[in-house]
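Chains, contacts and geometry: an overview
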Amino acid sequence: MGAHAGDSLVQMMILFALAKISPTNGFFYPSPFPSRFRDDCVSSEAKRTASPAWMAWPGDREADAPEITRRSFSSASAVAVMGPALMYPTAPADAVPVASPSIVLPNTRRLAIPQIGYGLYKTPVDQSYRGSMIALCQAGIRYLDTAMAYENSSEVGRAIHDVEGVFPVKYAGLSDKEPPVNRGGRIDRTKIFLATKVDNASQSSDVKAVRTAVLNHLREMNVARVDMLSVHSPLTDKGRRLGTYAAICGLVEEGFVGAAGVCNYGVGALDEILSAGLPPPAVNQLELSPFNQHKDIAAWAADHGTVLSCAAWSKLSGVTGPQDGWGKVAAIANLRNVSKAQVLVRWSLQKGYICVPRAGTSSEKERKSILENSYDGVRDISLNNEEMGILNSLDVKWKAGTLGRRDGWLESDVRGKNWEPTEFL
């Protein structure tokens with residue numbers, strides 16, 4: 001056996017020894033949260049004396065253990081799990097669709113967020129892995145948007161590990177009639193923007209309680225950090241809203257989170273943040289479409305440097321809604337031989353917004369829509385001034401209650417067709 005072959009074999013043996021077997025797909029992948037290895041194989045004395053700091057979490061940390069930080073944890077896990085010199089195959093430049101343009105977020109260390117992502121709202125757990133893999137590997141999407149309330153974050157985390165891991169995996173692609181497809185070249189974690197949200201049940205005026213809930217959430221996703229963490233809903237109370245947002249800002253300082261955001265916030269809830277002496281959110285994600293443009297919130301965002309994001313539940317179909325308006329959207333779509341959803345995604349892009357279209361994977365039509373509504377699917381549409389003017393004229397302040405959907409609140413919160421979460425305060 002040659003020297004190089006021997007070195008490769010040793011590296012593979014080390015990796016197999018330190019990797020964790022996924023309980024869901026049976027493949028080996030390195031885990032930045034080797035909790036079972038830590039709990040089962042590492043003694044308390046080893047935990048106390050390990051350098052850098054041993055992996056500790058709120059609730060299971062010993063009194064004399066050093067405080068865990070994102071930097072110390074990331075450095076320790078990267079070296080321990082992957083080794084210092086292991087090389088990975090990467091995808092050739094022409095192997096994936098054109099990446100979405102990005103926006104540099106305010107109040108961050110020049111963190112850039114892709115303008116078009118993939119939203120996991122209402123995506124069942126058993127479809128979330130496949131949807132995430134299609135988005136990452138076939139649609140060229142580099143932004144995944146999940147939440148505690150969606151209950152599918154662990155599958156999103158599994159997809160991220162599988163696309164960045166050394167061992168190629170196969171996954172169910174666009175067609176159920178075809179065999180599983182190969183992942184292709186690895187996608188480095190640093191190239192993926194991962195966003196999640198703190199649900200109402202985890203909101204608290206106790207900053208430490210929120211921190212504990214968030215770090216447990218990261219452990220469930222099997223990731224060391226997220227690029228953006230948002231307060232999912234203003235529908236709690238002032239103490240819990242501000243305590244949660246302050247905790248997120250603290251996690252940004254620690255390095256566990258890249259940017260602090262909010263969802264479904266109106267002007268009243270946004271002003272509340274400033275009155276408390278906290279920085280404005282980097283992003284406000286809400287239902288945003290030509291039919292409900294939230295011009296007061298858009299003006300606030302422009303004044304304070306906050307980026308607006310069209311939530312995954314924004315109106316992308318004409319099943320219900322202003323039929324005259326949908327007719328105008330359809331006319332533009334038919335002229336360009338694209339879908340109405342693609343027209344609205346392009347509208348959001350040209351408005352300078354972020355957009356996270358969602359789609360399940362139960363049908364091939366849904367799966368193909370992940371590609372259609374990606375940046376690669378809309379980059380050649382380019383609406384002209386007249387078409388943008390038509391879409392901008394459709395604002396009828398279409399209420400969230402009329403949409404019959406929820407994102408970040410309970411069904412009991414929705415009180416009739418005129419209910420609107422941004423008007424809570």
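Residues numbered from 1 in each chain as written. Predicted model: local features only at pLDDT ≥ 70, side-chain atom pairs only at ≥ 80, totals over all residues. Heavy atoms only, no water.

Axis separation between helix H9 (residues 267–275) and helix H10 (residues 295–304) bottoms out at 10 Å; the angle between their running directions is 25 degrees. With respect to their mutual orientation, H9 and H10 come out roughly parallel. Contact residues: Val267, Leu270, Asp271 and Leu274 in H9; Asp296, Ile297, Trp300 and His304 in H10. By residue class, the composition of the contact of H9 with H10 is five nonpolar, one polar and two charged. (Axes fitted to C-alpha atoms, helices over the stretch in contact; angles between N-to-C directions. Helix = DSSP H or I, 4+ residues; strand = E, 2+ residues; numbered from the N terminus. Parallel < 35°, antiparallel > 145°, perpendicular 65-115°, else oblique. Contact = heavy atoms within 4.5 Å. Nonpolar A, V, L, I, M, F, W, Y, C, P; charged D, E, K, R; others polar.)

This structure, assessed with the given rule, holds 14 salt bridges. The closest approach of N and O atoms between Lys197 and Asp145, which form a salt bridge, is 2.5 Å. Pair noted here: Lys197 is in strand E9 (residues 193–198) and Asp145 is in strand E6 (residues 143–145), with a separation of 52 residues, a long-range link. Judged by relative accessible area, Asp145 falls into the buried class, the value being 2%. Bridged by salt links that share partners, the residues Arg130, Asp176 and Arg367 form one connected network. (Salt bridge = Lys/Arg side-chain N within 4 Å of Asp/Glu carboxyl O. Buried < 20%, exposed > 50% of the residue type's maximum accessible area, 1.4 Å probe, protein only.)

As for its position among the elements, Gln115 is in the loop between strand E4 (112–114) and strand E5 (118–119). Sequence-wise, Gln115 and Leu349 are 234 residues apart; in three dimensions their C-alpha atoms are separated by 6.9 Å. When residues no more than four places from it in sequence are discounted, the contact partners of Gln115 are Ser100, Pro101, Ser102, Ile103, Leu349, Gly352, Tyr353, Ile354 and Cys355. Engagement of the side chain of Gln115 in a polar contact is seen with the backbone oxygen of Leu349, the distance being 3.4 Å. (Polar contact = N/O pair within 3.5 Å; in protein donor to acceptor, adjacent residues only side chain to side chain.)

Applying the stated criterion across every chain yields a total of four cavities of 30 Å³ or more. A volume near 50 Å³ is recorded for the second largest cavity. Every residue along the wall of the second largest cavity is listed here: Asp145, Ala195, Thr196, Lys197, Met228, Ser230, Val262, Cys263, Val283 and Gln285. Only E9, strand E10 (226–231), strand E11 (257–263) and strand E12 (283–286) provide two or more residues apiece to the lining of the second largest cavity. The element contributing the most residues to the lining of the second largest cavity is E9, with three residues. (1 Å grid on protein atoms, 1.4 Å probe; cavity = no way out; pocket = protein on both sides within 12 Å on 5 of 7 lines; lining within 4 Å. Points joined across faces, edges and corners; volume = space filled by probe spheres on them.)

All right, on to the packing of aromatic side chains then. The geometry of an aromatic ring pair is captured by the separation of the ring centres together with the interplanar angle, meaning the angle of the planes. Counted under the stated rule, the structure contains four aromatic pairs. Plain terms: the ring middles of Tyr143 and Phe193 are 5.2 Å apart, the flat faces sit at 80 degrees to each other, and that makes the pair edge-to-face. Here Phe193 lies in strand E9 and Tyr143 lies in strand E6, a separation of 50 residues in the sequence. Between Phe291 and Trp326, the aromatic rings sit 5.0 Å apart at their centres with planes inclined by 55 degrees, giving tilted as the arrangement. Of this pair, Phe291 sits in the loop between E12 and H10 while Trp326 sits in helix H11 (residues 323–336), and the two are 35 residues apart along the sequence. Exposure class is identical for Phe291 and Trp326. Each is buried. Cation over ring: Arg158 sits above Tyr129, and NZ or CZ is 3.7 Å from the ring centre. (Phe/Tyr/Trp six-rings, centres within 6.5 Å; stacked < 30°, edge-to-face > 60°. Lys NZ or Arg CZ within 6 Å of the ring centre and 35° of its normal.)

On to the state of the cysteines. The final tally for this structure, using the stated rule, is zero disulfides. Among the cysteines around Cys355, which has no disulfide bond, Cys310 carries the closest sulfur, lying 4.9 Å off. Relative accessible area serves as the criterion here: at 6%, Cys355 is assigned to the buried category. (Disulfide = S-S within 2.5 Å.)

Of the two faces of E12, the one holding Val283 and Gln285 and the one holding Asn284 and Leu286 are both buried throughout. With three bridges connecting them, E11 and E12 associate as parallel partners. Bridge pairing in E12 links Val262 to Asn284. Chirality of the crossover, the property in question, places the unit of E11, H9 and E12 among those that are right-handed. Here E12 runs beside strand E13 (residues 307–310); their pairing, made up of four bridges, is parallel. From the neighbouring strand, Asn284 faces E13, where its bridge partner is Leu308. In this fold, the crossover linking E12 to E13 by way of H10 has right-handed handedness. (Pairing = 2+ DSSP bridges. Right-handed = clockwise from strand over helix to strand, strands pointing away.)

A word on the confidence of the model for the protein. Residues shown with low pLDDT carry predicted positions that ought not to be read at fine detail. Scored by pLDDT, the protein has a mean of 80; 75% of the residues are at 70 or more. When the criterion is pLDDT under 50, residues 12–95 qualifies, and its contacts beyond four places in sequence or with other chains add up to 129 contacts. (pLDDT = per-residue confidence, 0-100.)

A few words now on helix H5 (residues 125–137). The terminal C-alpha atoms of H5 lie 19 Å apart, and with 13 residues this matches the ideal 18 Å at 1.5 Å per residue to within 8%. The buried fraction of H5 amounts to eleven of the 13 residues, a majority that puts the element mostly inside the structure. Gln127, Ser128, Tyr129, Arg130, Gly131, Ser132, Met133, Ile134, Ala135, Leu136 and Cys137 are the residues of H5 that are buried. As for H5, its buried residues are in contact with E5, E6, helix H6 (153–164), strand E7 (170–171) and helix H13 (364–372). (Expected span 1.5 Å × (residues − 1).)

The strand order across the open sheet built from eight strands is E5-E6-E9-E10-E11-E12-E13-E14, with neighbouring strands paired in parallel fashion. Since the sheet does not close on itself, it has two edges, and those belong to E5 and strand E14 (354–355), each with one partner. Relative to E9, E6 runs parallel, the two sharing three bridges. The residue of E9 that forms the bridge with Asp145 is Ala195.

A few words now on the environment of Gly305. In this structure, Gly305 sits in the loop between H10 and E13. Residue classification places Gly305 among the partly exposed residues on the basis of a relative accessible area of 34%. It is 6.5 Å that separates the C-alpha atoms of Gly305 and Pro106, two residues lying 199 residues apart in sequence. Aside from chain neighbours lying at most four places away, what touches Gly305 is Pro106 and Ala282.

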